[in-house]
Amino acid sequence: MAIDLDTITAIDVHVHAEVSCHDPEDPVMGQFFDAASAYFKAPRERPKLPEIVEIYREQKIAFCLFTVDAECGMGARRVSNYEIADFAAQHADICIPFASIDPHKGKLGAREARDLIENHGVRGFKFHGIMQDVSPNDRVAYPIYEVINHYRLPAIFHTGHSGMGTGMAGGGGLRLKYGQPILVDDVAVDFPEIRIILAHPSWPWVDESLSMALHKPNVYIDLSGWSPRYFPEQVIRYANTQLRGKMLFGSDFPLIHPQKWIAAAREAGFRDEVLPAIMKDNAARVLGLL
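From a predicted model like this one, the values you see are computed outputs, not experimental measurements.

A.B. asks: How do you make sense of empty space enclosed by the protein when you look at a structure like this?
C.D. replies: Taken as a whole and judged by the stated rule, the model has 1 cavity of 30 Å³ or more. In this structure, the largest cavity encloses a volume near 60 Å³. Around the largest cavity, the lining residues are P103, F127, H128, G129, Q132, V134, S135, P136, Y145, F157 and H158. Those elements that provide at least two residues to the lining of the largest cavity are α6 (129-132) and β5 (154-158). Broken down by class, the residue content of the lining of the largest cavity amounts to 6 nonpolar, 5 polar and no charged.

Put into structure tokens, the structure is as follows:
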């Protein structure tokens, strides 16, 4: 069953699947989960896929679901893209499957991307340069981008500060420089058919994301990872004006609950006529649901 836009209240474009239903939690990732939970003041236990879909179905919120593949960058086992895709197919009325492939996997990663799209219904991709230890514009990723561009799918790129590694010695070995939004500008130029979503308000490089979304028709911004009460002033200003069609609701669940994000957004200064587009309409266009 396809998503019925008339029956859902919102689309959350940023939801993490951090533990498998079949495999134990990876101990490397466990250390980072501990630190991230402390940073976000969030529960340590990560919900499994059935719990996630139950929460979102109760709220009538459709959502994009993905893991982060940092197997090469961090040496941590990922949750299988195939597990996520197969689970989403069972809940296609509310769950949109995204995949994550570490860019270091190059041509083999491109083969996986093509298979996930053609045979498993994957509708987009997620990249996290900080966790994957690679710049978004590194040519090692281009074989994977070529596949995404060919199928004209969206891709979410982490930007700005990272809660992963915050508070750990040496930041857990993660390098924040790979979260600079302008590094994604080359991707937007070289792959104009990819609908690029810059994840998070991108602090401390907020203005770079705003500039890119203004400049490039294929660049959008999701507002996940922060409570809207803490958004920089210019994010609200541009969301209400020139970028009203470019901002998307994202929570960063399970670290931020969607209902808490929505409640804060109603008090953040978004215009009444703008908030519905942020919550659902803009994402529906980007995800090809209209």
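A.B. asks: What's the story with the environment of L108 in this structure? I'm lost.
C.D. replies: Tracing the backbone shows L108 in helix α5 (residues 106-120). Its relative accessible area of 56% is what places L108 among the exposed residues. The spatial distance from the C-alpha of L108 to the C-alpha of P143 is 8.8 Å, given a sequence separation of 35 residues.

A.B. asks: What is the right way to read the sheet that holds strand β4 (residues 124-127) from this model?
C.D. replies: In sheet architecture, strand pairing relies on hydrogen bonds along the backbone and comes in two forms, parallel and antiparallel. Here 8 strands make up an open sheet; going across it, the order is β1-β2-β3-β4-β5-β6-β7-β8 and the pairing parallel. Single-partner strands in this sheet number two, and they are β1 (10-16) and β8 (247-248). Across 4 bridges, the pairing between strand β6 (residues 195-199) and strand β7 (residues 219-222) is parallel. Counted as the bridge partner of A199 is D222 from β7. On the sheet, helix α4 (residues 81-90) packs against β2 (61-66) and β3 (95-99) and is oriented at approximately 165° with respect to β3.

A.B. asks: What is the right way to read the packing of α4 against α5 from this model?
C.D. replies: When two helices pack together, their arrangement is given by the angle between their axes and by how far apart the axes lie. Packing of α4 against α5 brings their axes to within 11 Å, and their N-to-C directions diverge by 15°. Here α5 runs roughly parallel to α4, going by the angle between their axes. Handedness of the crossing formed by α4 with α5: right-handed. Along the contact surface, α4 presents N81, Y82, A85 and D86, while α5 presents E112, D115, L116 and H120.

A.B. asks: Before we go on, may I ask you to explain the nonpolar core in this structure?
C.D. replies: For soluble globular proteins, the rule of thumb is that nonpolar side chains tend to be buried together. Ranked by size, the top nonpolar core spans 103 residues in total, and within it L65, F125, W261 and F270 carry the most contacts. Residues within four places of L65 in sequence aside, it is in contact with V15, H16, A17, L49, I52, I84, F87, C95, I96, P97 and F98.

A.B. asks: Quick question: what am I supposed to make of the packing of helix α9 (residues 206-215) against helix α10 (residues 233-240) here?
C.D. replies: Where α9 meets α10, the axes come as close as 10 Å, and the angle between the chain directions of the two elements is 15°. Taken together, the axes of α9 and α10 are roughly parallel relative to one another. Note that α9 runs across α10; the crossing there is left-handed. Touching V206, D207, L210 and L214 of α9 are Q234, V235 and Y238, all from α10. Its residues placed into classes, the contact of α9 with α10 shows 5 nonpolar, 1 polar and 1 charged.

A.B. asks: So what exactly am I meant to see when it comes to the state of the cysteines here?
C.D. replies: Each disulfide consists of a covalent bond between the sulfur atoms of two cysteine residues. Counted by the stated rule, this structure contains 0 disulfides. Of the cysteine sulfurs around C95, a residue in no disulfide, the closest is that of C64, at 8.3 Å.

Criteria and thresholds
Residues numbered from 1 in each chain as written. Predicted model: local features only at pLDDT ≥ 70, side-chain atom pairs only at ≥ 80, totals over all residues. Heavy atoms only, no water. 1 Å grid on protein atoms, 1.4 Å probe; cavity = no way out; pocket = protein on both sides within 12 Å on 5 of 7 lines; lining within 4 Å. Points joined across faces, edges and corners; volume = space filled by probe spheres on them. Helix = DSSP H or I, 4+ residues; strand = E, 2+ residues; numbered from the N terminus. Nonpolar A, V, L, I, M, F, W, Y, C, P; charged D, E, K, R; others polar. Buried < 20%, exposed > 50% of the residue type's maximum accessible area, 1.4 Å probe, protein only. Pairing = 2+ DSSP bridges. Contact = heavy atoms within 4.5 Å. Axes fitted to C-alpha atoms, helices over the stretch in contact; angles between N-to-C directions. Parallel < 35°, antiparallel > 145°, perpendicular 65-115°, else oblique. Left-handed = near helix turned anticlockwise from the far one by under 90°. Core = buried A, V, L, I, M, F, W, Y, C linked by side-chain atoms within 4.5 Å. Disulfide = S-S within 2.5 Å.

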